[in-house]
Amino acid sequence: MASEDLHVISAEWLRSLEKKIHGFLSEVVDGKPRLEHSGLRDFKLDNHTVNAPSPFKVPYLQVIKGVQGAFTFTITKPAALGRGFFRLTQDGNGNWKALTLFTNMQNLIGHEESLEDQYGLYEDRKITWEEDVNARFRAIEADPTVMIVGGGQASLMSAARLGRLGIRVLIIEKNARVGDSWRKRYPNLTLHTAAHQSSMLYNHELCIWLSSSIASTPAYDSSSARWTVEIQHGDQKVFLKPKHLILATGIGNPYIPTWNGMDKFQGALYHAEFHKDAEQFRGKRVVVVGAGNASGDMCQDFVAHGATEVTMVQRNATCVISLTVAKEISKSPFPDGTPIEELDFRRNSMPLPLILQLKISGGTQRTKLLDKELHDGLRNVGFNLTWEVSPGGGEVGLEGFVFMIDVGCGKLIAEGRIKIKQGQDISHFDRDGITFKDGSKLSADVIVLATGYESIMKTTRALLGNEITDQLPPEVWGLDSEGELNQTYRPSGHPGLWFATGGFAFSRFFSKHL
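Being a predicted model, the structure only gives us computed values, none of them experimental. (Residues numbered from 1 in each chain as written. Predicted model: local features only at pLDDT ≥ 70, side-chain atom pairs only at ≥ 80, totals over all residues. Heavy atoms only, no water.)

Draft legend 1. Representation of the overall build of the protein within the structure. For the protein, the count of helices and strands is 13 helices and 26 strands. Its C-alpha radius of gyration of 26 Å places the protein within 12% of the 24 Å reference for a compact globule of 514 residues. In terms of principal-axis extent, the alpha carbons of the protein reach across some 75 × 65 × 50 Å. Here the protein, with 514 residues, has 44% of them falling under the buried criterion. Expressed as a percentage of contacts within the protein between residues at least 6 apart in sequence, the contacts between residues at least 24 apart total 64%. Averaging the locations of the 56 positively and 59 negatively charged side chains of the protein gives two centres separated by 2 Å. (Helix = DSSP H or I, 4+ residues; strand = E, 2+ residues; numbered from the N terminus. Rg over C-alpha atoms; globule rule 2.2 N^0.38 Å. Buried < 20%, exposed > 50% of the residue type's maximum accessible area, 1.4 Å probe, protein only. Contact = heavy atoms within 4.5 Å. Lys, Arg positive; Asp, Glu negative; His and termini not counted. Charge placed at Lys NZ, Arg CZ, Asp CG, Glu CD.)

Draft legend 2. Summary view of the layout of surface pockets. Space inside the second largest pocket adds up to approximately 670 Å³. Lining the second largest pocket are 23 residues, and of these Met105, Leu108, Lys512, His513 and Leu514 sit closest to its centre. Contributing elements (two or more residues each) for the lining of the second largest pocket: strand S5 (65–75), strand S7 (96–108), helix H3 (153–164) and strand S15 (244–247). The element contributing the most residues to the lining of the second largest pocket is S7, with six residues. (1 Å grid on protein atoms, 1.4 Å probe; cavity = no way out; pocket = protein on both sides within 12 Å on 5 of 7 lines; lining within 4 Å. Points joined across faces, edges and corners; volume = space filled by probe spheres on them.)

Draft legend 3. A look at the nonpolar core. Counting residues in hydrophobic clusters, the biggest one holds 38 residues, and the most contacted among them are Phe302, Met312, Phe383 and Ile418. The biggest single contributor to this core is helix H5 (residues 293–304), with five residues. Excluding anything up to four places from it in sequence, Ile418 contacts Cys299, Gln300, Val303, Val310, Met312, Cys409, Leu412 and Ile413. Grouped together as the second largest cluster of nonpolar side chains are 26 residues, Val133, Leu170, Leu464 and Leu472 included. (Core = buried A, V, L, I, M, F, W, Y, C linked by side-chain atoms within 4.5 Å.)

Draft legend 4. Summary view of the sheet that holds strand S18 (residues 309–314). Strand order across the open sheet formed by five strands is S16-S25-S17-S18-S21, with parallel pairing between neighbours. Looking at which strands have only one partner, the edges of the open sheet turn out to be strand S16 (268–271) and strand S21 (419–422). On average, adjacent strands in this sheet sit at an angle of 20° to one another, irrespective of strand direction. Sheet topology note: the strand S17 (residues 285–289)/S18 ladder contains five bridges and is parallel. In the sheet register, Val287 faces S18, and the bridge partner there is Thr311. (Pairing = 2+ DSSP bridges. Axes fitted to C-alpha atoms, helices over the stretch in contact; angles between N-to-C directions.)

Draft legend 5. Here's a closer look at the packing of aromatic side chains. Within the structure shown, the criterion is met by 17 aromatic pairs. Plain terms: the ring middles of Phe71 and Phe73 are 6.0 Å apart, the flat faces sit at 40° to each other, and that makes the pair tilted. Of the two residues examined, Phe71 and Phe73, each falls in the buried class. Taken together, the aromatic side chains of Phe85, Phe102, Phe345, Trp477, Tyr489, Phe506, Phe509 and Phe510 make up a single cluster linked through ring pairs. Seen from the ring of Phe436, Lys421 lies directly overhead, with NZ or CZ sitting 4.9 Å from the centre. (Phe/Tyr/Trp six-rings, centres within 6.5 Å; stacked < 30°, edge-to-face > 60°. Lys NZ or Arg CZ within 6 Å of the ring centre and 35° of its normal.)

Draft legend 6. Region of the structure containing the sheet that holds strand S9 (residues 169–172). A sheet is described by the order of its strands in space; here five strands give the open sequence S10-S9-S8-S15-S26, paired in parallel fashion. Since the sheet does not close on itself, it has two edges, and those belong to strand S10 (207–209) and strand S26 (497–499), each with one partner. The average undirected angle you get between the axes of adjacent strands in this sheet is 25°. Note that S15 and S26 share three bridges and pair parallel. Its bridge partner being in S26, Leu247 is matched across the sheet by Phe499.

Draft legend 7. Region of the structure containing the environment of Gln232. Looking at where Gln232 falls in the secondary structure, it is placed in strand S13 (residues 226–233). We classify Gln232 as partly exposed; its relative accessible area is 24%. It is 8.4 Å that separates the C-alpha atoms of Gln232 and Ser211, two residues lying 21 residues apart in sequence. Not counting chain neighbours up to four residues away, the residues in contact with Gln232 comprise Ser211, Ser212, Ser213, Ala215 and Lys237.

Draft legend 8. Local environment of the state of the cysteines. Across all of its chains, the model carries zero disulfides by this definition. Of all cysteine sulfurs, the one in Cys409 lies closest to Cys299, which takes part in no disulfide; the gap is 5.3 Å. Accessibility expressed as a relative area gives 1% for Cys409, which makes it buried. (Disulfide = S-S within 2.5 Å.)

Draft legend 9. View of the pairing of strand S14 (residues 236–240). Where S13 and S14 come together, five bridges link them in antiparallel fashion. Bridge assignment links Val229 to a residue of S14, and that residue is Leu240. Taking the residues between adjacent antiparallel strands as the criterion, S13 and S14 are bridged by two residues, where Gly234 takes a positive phi near 65°.

Draft legend 10. Structural view of the side chain of His494. Residue placement: His494 occurs in the loop between helix H12 (466–469) and S26. Apart from residues lying up to four places away in sequence, His494 is in contact with Tyr220, Trp227, Ile468, Gln471 and Leu472.

Draft legend 11. Broad picture of the pattern of salt bridges. What the rule picks out here adds up to 23 salt bridges. When the shortest N-O distance is used, the salt bridge between Lys368 and Glu395 registers 3.1 Å. You can see Lys368 sitting in helix H8 (residues 352–370) and its partner Glu395 sitting in the loop between helix H9 (372–380) and strand S20 (404–406), a full 27 residues away along the chain. Classification of Lys368 by relative accessible area gives buried; the value is 16%. (Salt bridge = Lys/Arg side-chain N within 4 Å of Asp/Glu carboxyl O.)

Draft legend 12. Geometry of the side chain of His271. Of note, His271 is situated in strand S16. Side-chain polar atoms of His271 contact the backbone oxygen of Tyr255, separated by 3.5 Å. Of note is the side chain of His271, whose polar atom sits 2.9 Å from the backbone nitrogen of Glu273. Ignoring anything within four residues of it in the chain, the contact list for His271 reads Pro254, Tyr255, Ile256, Val448, Leu449, Thr451, Gly452 and Tyr453. (Polar contact = N/O pair within 3.5 Å; in protein donor to acceptor, adjacent residues only side chain to side chain.)

Such coordinate-based values are descriptive only and should not be taken to indicate function.
Encoded structure:
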């Protein structure tokens, strides 16, 4: 399809969309125009970016083709600039219809994100960059508008976004250095995502209190619409009154199941969170309970450092994809050097429920074929694979649940260098290992619990107490009835309280909404 045809199809459809929106909004319902204050207008094709109109194939269903592209529009109340993305396919009569339509408020007019990094003395500025940063930090520390608890990627990107809007943001981080939450984890930890997706937003100075934590339960005053937060900041206790509190605490505390006899085990027993040195267990028998990413990393580390025997206890079926295939299916459709924001915009324009449905309709099956050799090798040694969240619910694949992105563990399992214990629940621990409910036993010198982490809401309850937490929906993350993520970068159910969570790509995009 020629470029001119793509633009004609897109422009005609966009004109019809604007006309239909205006008609819909002008309809009178119960004596009032529907959505009378929305003021959507000035729809224009976005011809100046890599998201200009182009041909596309429906993800995972390559036989369906169409036209996709971005457009801009304005909103009058509030005064704002918007951007959208469409995917058009032809119906049985040859008419172009929208398969997906995504709209996004980009900027509030008069409150746009500053895109400039300004250093040194320039124009009418009378102080140096360093003096300016120090002055801003003093103002933030005296009266932060927003306080963010946690110093991981979601926190840093949210703070950068807000800082570019001129909003005073203070980050509270319990560790001595930014990044220690990752730095302190096991030595062979690596990204399990493509590197091009794992970049941060902006080069922006952030006001961060390190080695600091919430000292008591924060209180919210509805009359002043402010929180009272007591901070243990080094050896001082400080009270601050921010308007907004953002919880960016990441994963919860390590989840440690309890089994009878754990206290009787004579070897080393610890959660994967506390794994530091596999070398000290050279020549030992190791059992790792769990079959996700952390378990795979643990097992690889023990094999690499000469453990006599390494066994993975797989309690539930696992969704496995190789890092090579994960990178392939997440490969950017744009040329090198394209701003990452354009990639984030296009990828987040596809509704999550539709992605899951496309995966069920054949997408997961195609992905599995790319990893056939890996999967065959795992099955041959008794490793249990699945791509369904619930039996009979359809193969949603990686997008549906916790998984293992294989970075080498799968090959070790297939070769028998990592053994698999699967299909039996743990009965109890004893002096020298684990006994299962069928009476079988694994002897061990070391047992590592790669059993995941507690929920964000459990961390929230410990931080904010029952009164506030009971006012919130029951979970953060997961899809709500409209197919949107629960509580994440959106109103939480309590005034002045927000949650920021998720990986790099997700935090880059949704921090703007926050």
